[in-house]
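Analysis of the macromolecular model
Chain by chain, the residues run as shown.
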Amino acid sequence: MNLATDKMVPLVMALSVALLALTACDGKSTAVAASTAGPRKPVLSAKAQVGELAFFDKNLSGGKNMSCASCHDPQYAYGPPNSISVQLGSDIKQTGARAVPSLRYKESTPAFSEDAPNPDGVTSNSPGGGFMWDGRATTMAAQAALPLLNPVEMNNSSKEAVVKAVQNGAYAGLFKQAFGANVFDNTDAAFDALGTAIQALETEDLSFHPYSSKYDLYVFNKIGGVLTPAERRGEVLFHSTGVTNCSGCHYTGANFNGNSGLMTDFTYQALGAPRNDRSIPNNPDPIPANDDPKYFDMGLCGPFRTDYMPATPDTAHPYCGMFKVPVLRNVATRGAFFHNGVLHSLDQVVNFYNTRDTNPEYWYPARNDGTGAPQANPLWALQPTHVPGATVDKFNDLPQVQQGSIDEELPMGTGEGGDKTLASGTKPRAPGSTPVMTPQQIADLVCFLGTLSDGYQPSSASSTSGRCVK
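Quick look at the structure, then. (Residues numbered from 1 in each chain as written. Predicted model: local features only at pLDDT ≥ 70, side-chain atom pairs only at ≥ 80, totals over all residues. Heavy atoms only, no water.)

**Description of the nonpolar core**
Our working rule: Here the nonpolar core consists of buried residues drawn from Ala, Val, Leu, Ile, Met, Phe, Trp, Tyr and Cys, with membership extended through side-chain atoms lying within 4.5 Å. Partly exposed describes any residue whose relative accessible area lies between the buried limit of under 20% and the exposed limit of over 50%, with all areas from a 1.4 Å probe on protein chains only and scaled to the type maximum. The secondary structure listing takes helices from DSSP runs of H or I that are at least 4 residues long and strands from runs of E that are at least 2 residues long, numbered from the N terminus. Here, residues are in contact when the closest pair of their heavy atoms is within 4.5 Å.
Core analysis: the biggest nonpolar cluster contains 45 residues, and Phe238, Leu328, Phe338, Leu343, Trp363, Leu449 and Leu452 have the highest contact counts within it. Looking at this core, the element that brings in the most residues is helix 12 (residues 439–450), giving 5 residues. Once residues lying within four places of it in the same chain are set aside, the contact partners of Phe238 are Thr244, Asn245, Cys246, Ser247, His250, Thr252, Met263, Leu328, Leu445, Phe448 and Leu449. Val100, Val166, Leu174 and Ala190 belong to the second largest nonpolar core, which has 25 residues in total.

**Focus: the state of the cysteines**
Here is the rule we go by: When two cysteine sulfur atoms lie within 2.5 Å, the pair is treated as a disulfide.
Scanning all chains against the criterion turns up 2 disulfides. Disulfide pairing is shown between Cys301 and Cys320; the S-S distance is 2.3 Å. Between Cys301 and Cys320, the disulfide has an S-S torsion of -100° and is therefore left-handed. Of this pair, Cys301 sits in the loop between strand 3 (268–269) and strand 4 (323–324) while Cys320 sits in the loop between strand 3 and strand 4, placing them 19 residues apart in sequence. What makes Cys320 buried here is its relative accessible area of 0%. The disulfide partner of Cys447 is Cys468, and the gap between their sulfur atoms is 2.0 Å. Of note, the bridge from Cys447 to Cys468 carries an S-S torsion of about -85° and is left-handed in sense. In this pair, Cys447 is assigned in helix 12 and Cys468 in the segment after helix 12, connecting sequence segments 21 residues apart. Cysteines bonded in the protein are numbered consecutively along the chain; their disulfide partners then correspond to 1-2, 3-4. Of all cysteine sulfurs in the structure, the one in Cys68 sits closest to Cys71, which takes part in no disulfide; the separation is 9.1 Å.

**Let's talk about the layout of surface pockets**
Under the convention used in this document: Detection works on a 1 Å grid of protein atoms alone, calling trapped sets that fit a 1.4 Å probe cavities and calling open sets with protein on both sides within 12 Å along at least five of seven lines pockets, with lining residues defined by an atom within 4 Å of a point. Grid points are joined across faces, edges and corners, and a volume is the space filled by probe spheres set on the points. Residue polarity follows a fixed list, in which Ala, Val, Leu, Ile, Met, Phe, Trp, Tyr, Cys and Pro are nonpolar, Asp, Glu, Lys and Arg are charged, and the others, Gly among them, are polar.
What the second largest pocket holds in volume is close to 610 Å³. Lining the second largest pocket are 32 residues, and of these Ser126, Met322, Asp419, Lys420 and Thr421 lie nearest its centre. Mapped onto the lining of the second largest pocket, the elements with two or more residues apiece are strand 2 (126–128) and strand 3. When its residues are assigned to classes, the lining of the second largest pocket shows 11 nonpolar, 15 polar and 6 charged.

**Quick word on the environment of Phe191**
Tracing the backbone shows Phe191 in helix 8 (residues 187–204). Exposure remark for Phe191: the relative accessible area of 4% places this residue in the buried category. With near-sequence residues (within four places) excluded, Phe191 lies in contact with Ala145, Leu148, Leu149, Lys159, Val162 and Val163.

What follows is the structure, encoded as structure tokens:
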């Protein structure tokens, strides 16, 4: 029997009675009083508490200088705190090969399947689900473990090194409380438990899925949820099957596990993003791996995922070039876009969708076979100039034999014929033809995407000026 505990019981009961008496005097319930204090952060389970401590623990990197939060900063929607295309690792001489995604809104992601159901309930099954850009991690726990051992990320030499760091750390006792007193006796089990702890954090902590954007207020008809005319026009465009077709992949309806408004259908698409290399004039951070002309990041086809690699380099595979469709929430807070971080603003991204086929000279390098003086490209283009008639090296981040997987749906291609891709017969837009979106439509769409940022605070006074007002 615990004497201290026994003495506390009457005291707690007395305080409870006193609180009830005070409640009776002023006629307010404790529930009402609590509601006026604002939302409270839910108490995390022991596993999630371990996950929270581990998430910010720099000792879990090889150089003791990098935590999960270094690349997944809570202040930046659990994405990178900068606009670098790909982040530096714990070994600062090493650079990654892919852009770091946000960790928000991951809890509903299903495991990868090449015959995954589409949440819209209409589109036929296709590759979908999974974690990482290529879906090779089946759960959030498995995803959390991959950067720990990656030499260009947290750069630990082994699972044992990671487990030792936890075992010698300040929260080893809490780790044993959450996963068992003997958890450190088995390295593999302890390493897996660390992933489970981070998964528990991402699931339980509301900051990983706050649903606190202007869009959320708008959808649920809450105070402050009034879209400006520009944002409203952008929303209409977002859902327009004949213009942008955004919601075809960035699905806004009821999704898996009862969620909605996730802005993804978890599928994979080959968009033909330009190669992030030195062929882009004044490129501030080309991916070092791309210096090798034989290196190609083909998403589902490798190099990090190996189960869908082509049998031989000259064999086409329909999954090559496909990367996961990301959640669009907080997309306006990002500084690097696509799997290789080659674009750095939403205006650039939307203009790429709009002119990839009609004006490939804006995005891809060209050969020296044109004639006449160079002509200026728009400021948002990757290539500052082009020479009329020059041959453009289109889709230059995929071997030519794999370019049949390129998506030709609206707004990039025509969407006519075939089954969405070049190889299936879907027609691209002709070079030199008119893009499907006008500059005003692009501006409106970008304004709508800005409403998806969490942490929105309604203002008591309406804005009368600015790009996204009228």
